[in-house]
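Now for the letters of each chain:
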Amino acid sequence: MDFKKILFSFTVLLWSIVALAQHQGTIISGIVEDGKSKALLEFANVQLLNAADSAVINATATDRKGKFSLENVNNGNYVLLCTFIGYEKVKTPLTVANQQRINAGTILISSLSQSMNEVVVTSKKSLLNTSIDRKIYNVGQDIMAQSGSASDILKNVPSVEVDIDGGVSLRGSSEVMILINGKPSPLMGKSRAEVLQQLPANSIERIEVITNPSARFRPDGTAGIINIVMKKNTKDGWNGTLVANAGNANRYNGSANLNYRTEKLNLFGTYSIRKDSRRRINNINREELDTFGNTTLFYTEQNVSPAKPLSHIVSAGSEYKIDEHNSIGISGNYSHRDLTKNDVANKFYYNNNHILTQQYDRLRYDPEYEIEKDATIFWQHNFKKEDHEIRFEYNKAVSDELENNHYTNKYIFPAAATTFDNTLIRQTSKEDHITVDYSNPLSENSKMELGYDGSFSIQDPVFYGEYFDASQQKFIMDIVKSNKFIYDQHLNAFYGTYQRSYGAFGYSLGLRGEQTNIKANLVTKDSSLSNNYFKFYPTIHFAYKVKNGDIQLNYSRRVRRPEADDLNPFPEYADPRNLRAGNPKLLPEIINSIEFGYKWQNDKYSFVPSLYYRYKQNGFTQVITKLNDSTFLTTQQNLSNDQSAGLELIFSAKPAKFVSANLSSNFFYNTIDASNLGYASKKSVVSMSLNFNITFVITRNMIMQISSNYRSARLTPQGKSYGTFVFNTGVRQDLFKKKLSVTLTGSDLFKTLQEKRELNTSFLKQTSIGRRDARIIYLGVAYHFGKTFKKSTEEKLQFDNNL
């Protein structure tokens, strides 16, 4: 598939949409607000009914500002019906008679029930809100959120997949950028899989998935952005939540969330603790070949790795409203995770006749920890015009990670003396992040954004290896296994976006220019590498409103930059015969992404199909090479190119008050060109993933949820990974006017979660199967408390649609 042909098709589609914009008929617009608090309501359903027979003529949903627009309305008598879950229906009669535009004004809708002592919004957010360019997963509506981790919840988000090690993928690609509250976070760096497995889901408000974000945000990540929005109470007075969960295999977790808010001051803080229990089992079967394709030996490994990680996460901050136009804030986060690994690897070597030639056990004792700290300050000025604002923000982050590996080799056949070797790995990193964001709504139908984004980071990994000298009875430094590597990256970016709408047609154009300066210092070899480059990253978004829905066409250019581990050429000797190292010659991969989508919805159902295409140059891939007769090296290489195209389908339904469901599927075609790595032909595969969840309202205060996800086999340059399937369920009972909740959850109930990989090269055939603890059960309670000072103030439903 030629990228120029794709670009030509994109241009044809663009002009088709522009042509459609020359529409006929009347435009009906308006705003939907909460009748008491005047809060703008997003995702309210607005339908245009025929006054004679109540037939649905057109329908749409409000945006984040509560606005709606119905296009191409013919002359006639109509009824405008506005509905929102938990609110009364509102009907407004309208007559259309050759007008170009009709402003329905502000439509006020009232909540169905409010207590006398305290004003409470009793409406319940949907578990999933979908639009063409994003999916918003409301974590608070997921039962698994009370006891599970962020990784557990991400498995239920459409288009998102989480593997057995906690690695996150979006639309089949692991190259996704994860943000916290719309900003890069040090927690989402090298060890983000571990952090996501420890981050309590009950501290998350919602998860947003944006596949083609605007130029305002970093272009990192092939597949797009996952934005994790943490909870921040908006009620006045004291409010808080206490959560405690106990699980099988001595698992437990808990959290405390406290918030105090007045008209000008907001203080907030959270603390969470999580003790997990993991027992990972990995089996490897390998056949090694000579240059003629003949088997030289067989190798079998059985690895058992138990661990009980303990993590503490503390967050605190304050925001102060100086006056009507200025506000300041400061916040900080502290994360501490430690665990001790006690791995046992049983290794067996056989000759080509399957006769045992060597057997030994390699034991690993590894007490390790990871500490992340960051602090943020901001100042925001709001001009007199609504949404006209400028915000300055500075973030300082530091991290410290230590692995203290002690290895013991016990030789069983042939019998030999036990040997010992140690490897200490310590990595520290520091990052300063400065942003300036300016937004100006130039008119009712246009908006401009300008900004600066500067990131300055340094990573300092140190490897210290040693072996035990039996003659001296002491450990001696191993020069081959010891090294020091310093990675310094400076990134300066300026961006601008312009948005404009003309009736049913709207567009957004963006351009981001980035200067990247990278210096890698191989201290041990007294040499350095540098890579400095400037690149533009354009983004284009087109939208057209049609009856009962929207059409969008998007394009973005994105990048994936090598990290320190990807470039560090010094091998890691966790297994002396299976080494891992970076590649200092690794180039950044560049991605061109195009997406065409449509959304249809009415008051009970919504359907969002999307077609997408990604063309990747210099894509990263993991490659195994043979160093000698007994040693293999795993490293990263650049592919010539990588192309993928897919169809994503998301269907949401609420056919009755007692049931709601979401079904999402992703079918994609992937072609890999690895000719530059010595592979003669391209490799292609069709893959898919399915995600399903359903919620039953059993009683007014009791709900049950069932979720499952399936991922089919995937292609790699040297083999493939097999499919996976997981089934989860949970029940929640609310008590004492929902002040107390009791939750029972179970994950991987059928014990089906495993990861099977296959390698097939000219010198190696290998199958590996990894399994983990299955059927994890949690029983938990959550207590909500609070006191509001202003009984007339109603909580506003918050949605962040700036990505």
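Residues numbered from 1 in each chain as written. Predicted model: local features only at pLDDT ≥ 70, side-chain atom pairs only at ≥ 80, totals over all residues. Heavy atoms only, no water.

(A) Main features of empty space enclosed by the protein. This structure, assessed with the given rule, holds nine cavities of 30 Å³ or more. The calculated volume of the second largest cavity comes to roughly 240 Å³. Considering only residue class, the lining of the second largest cavity consists of seven nonpolar, nine polar and six charged. (1 Å grid on protein atoms, 1.4 Å probe; cavity = no way out; pocket = protein on both sides within 12 Å on 5 of 7 lines; lining within 4 Å. Points joined across faces, edges and corners; volume = space filled by probe spheres on them. Nonpolar A, V, L, I, M, F, W, Y, C, P; charged D, E, K, R; others polar.)

(B) Inspection of the sheet that holds strand S1 (residues 26-34) at higher detail. With mixed pairing, the three strands of this open sheet are ordered in space as S4-S1-S7. Two strands lie at the open edges of the sheet, namely strand S4 (67-73) and strand S7 (101-109), each paired on one side alone. Averaged over all pairs of adjacent strands, the angle between their axes in this sheet comes to 20°, without regard to strand direction. Sheet topology note: the S1/S4 ladder contains five bridges and is antiparallel. Note that in S4 the partner of Ile28 across the bridge is Leu70. (Pairing = 2+ DSSP bridges. Helix = DSSP H or I, 4+ residues; strand = E, 2+ residues; numbered from the N terminus. Axes fitted to C-alpha atoms, helices over the stretch in contact; angles between N-to-C directions.)

(C) Region of interest: the sheet that holds strand S34 (residues 620-626). One open sheet holds the four strands; their spatial order is S30-S31-S35-S34, and the pairing between them is mixed. Both edges of this open sheet fall to strand S30 (572-575) and S34, since each of them pairs with a single strand only. Mean inter-strand twist for the sheet, computed between neighbouring axes without regard to direction, equals 35°.

(D) Spatial organisation of the nonpolar core. Of all hydrophobic cores here, the largest spans 32 residues; its most connected members are Val168, Ile207 and Ile226. In this structure, Val168 is in contact with Leu154, Val160, Glu161, Val162, Ser173, Ser174, Val176, Ile178, Arg192, Leu196 and Ile226, ignoring residues within four places of it in sequence. (Core = buried A, V, L, I, M, F, W, Y, C linked by side-chain atoms within 4.5 Å. Buried < 20%, exposed > 50% of the residue type's maximum accessible area, 1.4 Å probe, protein only. Contact = heavy atoms within 4.5 Å.)

(E) Local environment of the packing of aromatic side chains. For the coordinates displayed, the defined rule picks out 17 aromatic pairs. A centroid spacing of 5.0 Å and a plane angle of 90° characterise the contact between Phe534 and Phe536, whose relative ring orientation is edge-to-face. Summarising the aromatic geometry, the rings of Phe727 and Phe750 are spaced 5.0 Å apart at their centres and angled 25° between planes, so their arrangement reads as stacked. Of this pair, Phe727 sits in strand S42 (residues 724-735) while Phe750 sits in the loop between strand S43 (740-747) and strand S44 (754-760), and the two are 23 residues apart along the sequence. Of the aromatic side chains, those joined through ring pairs into one cluster are Tyr498, Tyr502, Phe505, Tyr507 and Phe542. The ring of Tyr407 has Arg362 sitting right over it, with the charged end atom 4.0 Å from the ring centre. Seen from the ring of Phe378, Arg391 lies directly overhead, with NZ or CZ sitting 3.9 Å from the centre. (Phe/Tyr/Trp six-rings, centres within 6.5 Å; stacked < 30°, edge-to-face > 60°. Lys NZ or Arg CZ within 6 Å of the ring centre and 35° of its normal.)

(F) Up close: unusual backbone geometry. With an omega of -15°, the peptide bond running from Phe413 to Pro414 counts as cis. If you check the backbone angles, Lys737 has positive phi at about 55° while not being a glycine. Mapped onto the fold, Lys737 is located in the loop between S42 and S43. Overall, Lys737 belongs to the exposed group, its relative accessible area being 85%.

(G) Representation of the side chain of Thr62 in the model. Position of Thr62 relative to the elements: it lies in the loop between strand S3 (56-61) and S4. Polar side-chain contacts of Thr62 include one of 2.7 Å to the backbone oxygen of Leu41. There is a polar contact of 2.9 Å between the side chain of Thr62 and the backbone nitrogen of Ala44. When sequence neighbours within four positions are dropped, the list of residues in contact with Thr62 reads Val32, Leu41, Glu42, Phe43, Ala44, Val46, Lys67 and Phe68. (Polar contact = N/O pair within 3.5 Å; in protein donor to acceptor, adjacent residues only side chain to side chain.)

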